[in-house]
Amino acid sequence: MRFFLVILLFLAACVGDPTTPEIALKDFVEARIGKIASREFVTERVTGAMKVNLEGMSEEDFNKFADLRHARKESFKIISKSCQDKKCFLTYTISFSTKQDDKQIFTSEVKKIAELQWIEGKWYIADVSNLKTYHEALEPINPLE
C-alpha cells in the first residue's frame, strides 16, 4: 500500500501545475502546431489587445493565422522568465519543420517573447513578439510558384 502511495505522489509531482505561465504557454503552442485552431480556442486563451485583434480579424485572415497543419513541432524551450505581480514575460524558442505533400521542405526556429497575465485564476497570453526567425529551405525555392 505504501509503495502505491509513493508512486502516486511521484506521478503527481511529475505532472505540471496547469496554473503556471510556462505550462499555459506550452499547452497553447503545442495545441496549435500541426492543426487548425478554432477562433474560440484561441480567443479563450488570450487577453487584451491580442484578443481584440484576433476577434476583429476577417475570417480569411484568421484562417491563415490559425492553419498550422503543415508544421510539425521539433522542440519547444523556455529560455528565460521574468515575473512581477500578475504578469510574466517568457522568452522561448520553437523549432518546427514544414511539410508539403508529406515531404519536409523547411526547418524553422523562432525566438519569441510572450507576455502572460494572471486573470481570475488563469494565465492568459496578452502579447507575443518575434525576436529572431531562422528558416532553412531543404528544397530549391521556385519563386514562380
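Structure report, in brief. In this text the structure is predicted, and so the values were computed from the model without any measurement.

1. Description of the state of the cysteines
Working definition: the covalent bond between the sulfur atoms of two cysteines is a disulfide.
Inference 1: All chains considered together, the criterion is met by 1 disulfide.
Inference 2: The disulfide bridge from Cys83 ends at Cys88, spanning 1.8 Å between sulfur atoms. Taking the sign of the torsion about the S-S bond as the criterion, the disulfide between Cys83 and Cys88, at about 110 degrees, is right-handed.
Inference 3: Note on Cys88: relative accessible area 2%, which makes it buried.

2. Overview of the side chain of Thr91
Inference 1: Looking at where Thr91 falls in the secondary structure, it is placed in strand 2 (residues 87–100).
Inference 2: Contact partners of Thr91, with chain neighbours within four places excluded, come to Lys77, Ile78, Ile79, Ser80, Lys111, Lys112, Ile113 and Leu131.

3. Things to note about the nonpolar core
Inference 1: In this structure, Leu25, Val29, Val42, Ile94, Leu116 and Ile125 are the most contacted members of the largest nonpolar core, which totals 25 residues.
Inference 2: For this core, the elements supplying multiple residues, two or more each, are helix 2 (21–32), helix 3 (39–43), helix 4 (48–56), helix 5 (59–66), strand 1 (71–84), strand 2, strand 3 (103–119) and strand 4 (122–137).
Inference 3: Top element by residues in this core is strand 2. It accounts for 5 residues.

4. Some details on helix 2
Inference 1: Over its 12 residues, helix 2 extends 17 Å from the first C-alpha to the last, a length consistent with the 16 Å expected when each residue adds 1.5 Å.
Inference 2: Those residues of helix 2 lying buried are Pro21, Ala24, Leu25, Phe28, Val29 and Arg32. The arc that holds every buried residue of helix 2, seen down its axis, measures 120 degrees, which confines them to one face.
Inference 3: On its buried face, helix 2 is in contact with helix 3, helix 5, strand 1, strand 2, strand 3 and strand 4.
Inference 4: Directly beyond the C-terminal end of helix 2, a positive phi value near 85 degrees is found at Gly34.

5. Considering the side chain of Thr107
Inference 1: Within the secondary structure, Thr107 sits in strand 3.
Inference 2: Excluding anything up to four places from it in sequence, Thr107 contacts Glu74, Phe96, Ser97, Tyr134, His135, Glu136 and Leu138.

6. Regarding the pairing of strand 2
Inference 1: In terms of strand pairing, strand 1 meets strand 2 through 12 bridges, oriented antiparallel. Residue pairing in the sheet places Arg72 in a bridge with Ser97 of strand 2.
Inference 2: Between strand 1 and strand 2, which pair antiparallel one after the other, the connecting turn spans 2 residues, and Asp85 there sits at a positive phi close to 50 degrees.
Inference 3: Bridge count for strand 2 against strand 3 is 14 bridges, and the pairing is antiparallel.

Criteria and cut-off values
- Numbering of residues starts from 1 in each chain and follows the order in which that chain's sequence is written.
- Two thresholds apply to this predicted model, a pLDDT of at least 70 for residue-level local features and 80 or more for giving and counting side-chain atom pairs, whereas whole-chain, interface and lining totals are computed over all residues.
- To obtain the side-chain values, all non-hydrogen atoms of the structure were used and water was disregarded.
- By definition, disulfides here are pairs of cysteine sulfur atoms that lie within 2.5 Å.
- A simple rule labels every residue: compare its accessible area, found with a 1.4 Å probe on the protein chains alone, to the largest value its type can have, and call it buried under 20%, exposed over 50%, or partly exposed in between.
- Segments assigned H or I by DSSP are reported as helices when at least four residues long, segments assigned E as strands when at least two residues long, and all are numbered from the N terminus.
- Contacts are assigned to residue pairs that have any heavy atoms within 4.5 Å of one another.
- By nonpolar core is meant a set of buried Ala, Val, Leu, Ile, Met, Phe, Trp, Tyr and Cys residues that side-chain atoms within 4.5 Å join together.
- Between the first and last residue of a helix there are one fewer steps than residues, each counted as 1.5 Å, and that sum is the expected span.
- To be clear, the arc concerns the directions from the helix axis to the C-beta atoms.
- Only when DSSP finds a minimum of two bridges between them are two strands counted as paired.

Keep in mind these values describe shape, not function.
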